[in-house]
Amino acid sequence: MTKDSYQTLKINREMKENFIEVCRRVGIKYSKAFVRFMTYCIEKNEIDLDLEKYEDISKNKLDTVIIFRIDKERKLKFKELCERSGISVSCAIKLFIDDVINAKNMKKYFS
């Protein structure tokens with residue numbers, strides 16, 4: 001699929017740096033990790049995240065941006081899945097980032 005769309009996410013700088021560091025250790029670019037996470041959720045037809053953690057994450061100062069490319073079809077499918085789950089795309093991705101940072105790996109999502 002052609003990566004013909006962008007996803008922008010406002011995020012806390014420390015959270016971004018910690019996530020990028022885990023990605024480096026795992027050996028994956030952060031943009032690829034996001035696309036794989038979104039694909040994982042679409043294939044499972046669910047978002048397997050602790051939604052209650054978002055309240056704590058949302059208290060963080062949003063002082064940087066992450067932008068990544070993704071194909072439009074996958075982006076729309078993921079957005080629909082998020083809406084059915086009652087969360088935004090940015091909420092789901094931030095929860096994914098937090099989960100990866102806490103686990104220090106991505107095994108839950110990429111076996």
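Structure first, text after, so check above.
Residues numbered from 1 in each chain as written. Predicted model: local features only at pLDDT ≥ 70, side-chain atom pairs only at ≥ 80, totals over all residues. Heavy atoms only, no water.

> Looking at this structure, I do not really get unusual backbone geometry. What am I missing?
Excluding glycine, a negative phi dihedral is what most residues carry, and trans is how most peptide bonds are arranged. Phi angles above zero are rare outside glycine, and Asn45 is one such case at about 60°. Position of Asn45 among the secondary structure elements: in the loop between helix 2 (30-44) and helix 3 (54-57). Of note, the phi angle at Lys104 is positive, near 60°, even though the residue is not glycine. Along the chain, the position of Lys104 falls in the segment after helix 5 (89-103). For Lys104, a relative accessible area of 53% gives the class exposed. (Helix = DSSP H or I, 4+ residues; strand = E, 2+ residues; numbered from the N terminus. Buried < 20%, exposed > 50% of the residue type's maximum accessible area, 1.4 Å probe, protein only.)

> Would you take a moment to explain helix 1 (residues 13-26) for this structure?
For an α-helix, 3.6 residues make a turn, and residues three or four places apart therefore share a direction. Counted at 1.5 Å a residue, the expected span for helix 1 with its 14 residues is 20 Å, and the 20 Å between its end C-alpha atoms agrees. Those residues of helix 1 that are buried lie in contact with strand 1 (5-11), helix 2, helix 3, strand 2 (64-70) and helix 5. With a side-chain oxygen lying 3.0 Å from the backbone nitrogen of Glu14, the N-terminal cap of helix 1 falls on Asn12. Trailing helix 1 by a residue or two, Gly27 shows a phi angle of about 90°, which is positive. (Expected span 1.5 Å × (residues − 1). Contact = heavy atoms within 4.5 Å. Polar contact = N/O pair within 3.5 Å; in protein donor to acceptor, adjacent residues only side chain to side chain.)

> Is there a simple way to think about the environment of Met15 in this case?
Note on placement: Met15 falls in helix 1. For the pair Met15 and Asn60, spaced 45 residues apart in sequence, the C-alpha separation works out to 9.0 Å. Look past the residues within four positions of Met15 in its chain and what remains in contact with it is Ile57, Lys94, Ile97, Asp98 and Ile101.

> I would appreciate a short explanation of the pattern of salt bridges in the present structure.
When their charged atoms lie close together, side chains carrying opposite charge are able to pair. Taken as a whole and judged by the stated rule, the model has eight salt bridges. The partner of Lys44 in a salt bridge is Glu46, with the nearest N and O atoms 3.6 Å apart. Exposure remark for Lys44: the relative accessible area of 39% places this residue in the partly exposed category. For Glu46, a relative accessible area of 35% gives the class partly exposed. In this structure, the salt-bridge partner of Glu73 is Lys77, at a minimum N-O distance of 3.1 Å. Placement of the pair is Glu73 and Lys77 together in helix 4 (residues 72-85), with a separation of four residues, close to one helical turn. Taken together, the shared-partner salt bridges in this structure form one network comprising Glu21, Arg24 and Arg25. (Salt bridge = Lys/Arg side-chain N within 4 Å of Asp/Glu carboxyl O.)

> Help me understand the nonpolar core, please; the structure alone is not making it clear to me.
Among the nonpolar cores identified, the biggest contains 36 residues, and Phe19, Phe37, Ile47, Phe78, Phe96 and Ile97 are the most heavily contacted of them. For this core, the secondary-structure elements that each account for two or more residues are strand 1, helix 1, helix 2, strand 2, helix 4 and helix 5. Per element, the largest residue contribution to this core is nine residues, and it comes from helix 5. (Core = buried A, V, L, I, M, F, W, Y, C linked by side-chain atoms within 4.5 Å.)

> Looking at this model, I keep getting lost on the packing of helix 1 against helix 2. Mind explaining?
A packed helix pair is summarised by two numbers, namely the angle formed by the two axes and the spacing between the axes. Contact pair helix 1 / helix 2: the axes reach a minimum separation of 9 Å and the direction vectors enclose 90°. Taken as axis vectors, helix 1 and helix 2 run roughly perpendicular relative to one another. Of helix 2, the residues touching helix 1 (which contributes Phe19, Ile20 and Cys23) are Tyr30, Ala33 and Phe34. (Axes fitted to C-alpha atoms, helices over the stretch in contact; angles between N-to-C directions. Parallel < 35°, antiparallel > 145°, perpendicular 65-115°, else oblique.)

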